[in-house]
Amino acid sequence: MMRDEYTDKGTLFDLVLIESTCLDKKWKHFPDTNEKSPILLTFYTEDGSHLNEFGSKTVAEQLLIFLATL
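Residues numbered from 1 in each chain as written. Predicted model: local features only at pLDDT ≥ 70, side-chain atom pairs only at ≥ 80, totals over all residues. Heavy atoms only, no water.

Draft legend 1. Quick peek at the overall build of the chain. Assigned secondary structure in the chain consists of three helices and two strands. Listed by position from the N terminus, the elements making up the chain come as α-α-β-β-α. Overall, the chain is about 35 × 30 × 20 Å in size when its C-alpha atoms are taken along their principal axes. Counting over 70 residues, the chain shows a buried share of 21%. For the chain, the share of sequence-separated contacts (at least 6 apart) that also reach a separation of at least 24 residues comes to 23%. A total accessible area of about 5600 Å² is found for the chain, and carbon and sulfur atoms account for 58% of it. Placing the 7 positive and 12 negative side-chain charges of the chain at their respective mean positions leaves the two points 6 Å apart. (Helix = DSSP H or I, 4+ residues; strand = E, 2+ residues; numbered from the N terminus. Buried < 20%, exposed > 50% of the residue type's maximum accessible area, 1.4 Å probe, protein only. Contact = heavy atoms within 4.5 Å. Areas by Shrake-Rupley, 256 points an atom, 1.4 Å probe, with all protein chains shown as cover. Lys, Arg positive; Asp, Glu negative; His and termini not counted. Charge placed at Lys NZ, Arg CZ, Asp CG, Glu CD.)

Dropping the structure here:
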């Protein structure tokens, strides 16, 4: 619902989208019968739920880019 409401307005920092987007810009998700559920990519985490150093730097970089465009 948040994506539907705010993406076109440019006011949504989509952390889940960043965490589930490969370096080739392709979005990864679990196949699901109802909706596509994004997955935290393994190269962004070491324990499967928290960002590692590379993931943290990637998210921080994307946040700065997002804030600069507001």
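Draft legend 2. Main features of the pattern of salt bridges. If you walk through the whole model with that rule in mind, you get three salt bridges. D14 is the partner of R3 in a salt bridge, and the nearest nitrogen-oxygen pair spans 2.5 Å. Here D14 lies in the loop between α1 (2-6) and α2 (15-19) and R3 lies in helix α1, a separation of eleven residues in the sequence. Residue classification places R3 among the partly exposed positions, given a relative accessible area of 37%. For K57, the salt bridge identified is with E53, shortest N-O distance 3.1 Å. Of this pair, K57 and E53 both sit in helix α3 (residues 53-68), four residues apart, which is roughly one turn of that helix. Overall, E53 belongs to the exposed group, its relative accessible area being 56%. (Salt bridge = Lys/Arg side-chain N within 4 Å of Asp/Glu carboxyl O.)

Draft legend 3. A look at α3. Here α3 spans 22 Å end to end across 16 residues, near enough to the 22 Å set by a 1.5 Å rise per residue. The set of residues buried in α3 consists of G55, T58, V59 and F66. Angular distribution of buried residues about the axis of α3 spans 95 degrees; they occupy a single face of the element. Exposed residues on α3 whose side chains face more than 90 degrees from its buried face are E53, K57, L64 and A68. (Expected span 1.5 Å × (residues − 1). Arc of directions from axis to C-beta.)

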